[in-house]
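Results of the structural survey
Read off the chains here:
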Amino acid sequence: MNRIISWIMGTFFRWLPHRAVTGLRPSGRPDADSPVLVTGNYSLTLRRLLAAIRGEDAWVLSADSGGINVWCAACGGGFTHLQVISAVKVSRLAEKVSHRVLVLPALAAPGVDAREVKEHTGFSVRFGPVRAGDIPAFLAAGRKKTPAMRHADFSLSHRLDMLLSMNFILWLPLALVFGIFFPHAFWGVTALFWGVAAVSYVLFPWLPGRTGYLRMLWIMGGVALLLGLAGAQWGSGPLAFWPWMIGGAAITTLVFFDAAGIVAPMASDAEALAFALGIKSLPGLLAEKPLGRVSQDPDLCIGCGLCLDICPLAVFEKPLEGKKPVTVRPGACFSCGACVLQCPSGALSLAGKAARPGG
Ligand code: SF4
Ligand code: SF4
């Protein structure tokens, strides 16, 4: 029953928190030398992680992320070293394993300060791959990541995965209102909603515009054009279906509420809007932090390579083996703060030109 509820929540209500039980779980037959994989307590994340490492002997330590996925919770201050330290201590992990290494998802890096975890638990933090599916290969390679394992690619399959889960909850109130009060328009609105959502999510990377909201205008224009052509062909003129044009614009706005933050390696429009409205923090989802793009002080850099290892957008590169990483794509930075938090020498900061829309 729990699995069914978990599937329904993960498939149709992914925006809502859904807590799994925290604590230490075995995968396979782990012993004292087995790796410890730490994650949050969002039920879908935990389910996917356990499925990805089926056949591996490992410990899975689920820390309290408020039932929210690791990346959102880490960026929003809901998944930090405090939750990891607490999970390590409560589970008495030190009595179960002989080594002192925790493997965390790379996307936990904006929130979990590895130095704090080490200081308070004795465990070192190693940031693993972005995707759970890469963990077996990461472990097999001696906990080494390929460049592909480091990057959040927002591929078509990711965007299609998000399509149903992120839009169902937006469609539901529309379906209820139209189903009850305007049943004659129910199927038209449903087709318009899912058509706009599908085209937007599939085409998002190719729509021109620096922000998601600018890209939204292309979809709005496309919907208006199609309805105008339909009106000219089957109605009394290009504006014959004007109520549907207004409805199409409203639906597109709804779908694009935070499309940039969901299906693209871009700054979240919703977060930027919240900041512009003076909402600088929202427990678990939005944390007050600087908005600038990353800036690197080469004199302070000690060349540890951590920034290159954890940046999900490939902002850093190592020009030559043995050289210090350098900032090669500052424009790609979306201010997650991971590298700034983890840099051991204070060489990185978020400053200068804003990475948020309008910057
Ligand atoms: S994390 Fe900091 S010290 Fe390490 S390579 Fe990057 S900038 Fe240099
Ligand atoms: S460079 Fe920007 S996107 Fe990359 S880890 Fe640092 S803050 Fe995050």
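Residues numbered from 1 in each chain as written. Chains lettered and ligands numbered in written order. Predicted model: local features only at pLDDT ≥ 70, side-chain atom pairs only at ≥ 80, totals over all residues. Heavy atoms only, no water.

Among all positions of helix 4 (residues 81–90), only His81, Val84, Ile85, Ala87 and Val88 are buried. Take helix 4 and look down its axis: the buried residues cluster within an arc of 165°, on one side only. Counted as exposed and oriented over 90 degrees from the buried face of helix 4: Leu82, Lys89 and Val90. Tucked into the core, helix 4 has its buried residues touching strand 2 (36–39), strand 3 (58–62), helix 5 (93–96), strand 4 (101–104) and helix 6 (114–121). Capping the start of helix 4, threonine 80 holds a side-chain oxygen 3.1 Å from the backbone nitrogen of leucine 82, two or three residues further along. (Buried < 20%, exposed > 50% of the residue type's maximum accessible area, 1.4 Å probe, protein only. Helix = DSSP H or I, 4+ residues; strand = E, 2+ residues; numbered from the N terminus. Arc of directions from axis to C-beta. Contact = heavy atoms within 4.5 Å. Polar contact = N/O pair within 3.5 Å; in protein donor to acceptor, adjacent residues only side chain to side chain.)

Applying the stated criterion to the full structure yields 10 salt bridges. For aspartate 309, the salt bridge goes to lysine 145, with nearest N and O atoms at 3.3 Å. On the criterion of sequence distance, the pair formed by aspartate 309 in helix 15 (residues 306–310) and lysine 145 in the loop between helix 7 (135–140) and helix 8 (147–150) is long-range, its members being 164 residues apart. Look at lysine 145 and you get buried, because its relative accessible area is 9%. According to the relative accessible area criterion, aspartate 309 is buried, its value standing at 13%. (Salt bridge = Lys/Arg side-chain N within 4 Å of Asp/Glu carboxyl O.)

The next thing to look at is the site of ligand 2. In the vicinity of ligand 2, the contacting residues are Val294, Cys311, Val315, Phe316, Cys333, Phe334, Cys336, Gly337, Ala338, Cys339 and Leu350. Put simply, ligand 2 lies in the largest cavity. (Near = heavy atom within 4 Å. 1 Å grid on protein atoms, 1.4 Å probe; cavity = no way out; pocket = protein on both sides within 12 Å on 5 of 7 lines; lining within 4 Å. Sits in = over half its atoms within 2 Å of the grid points.)

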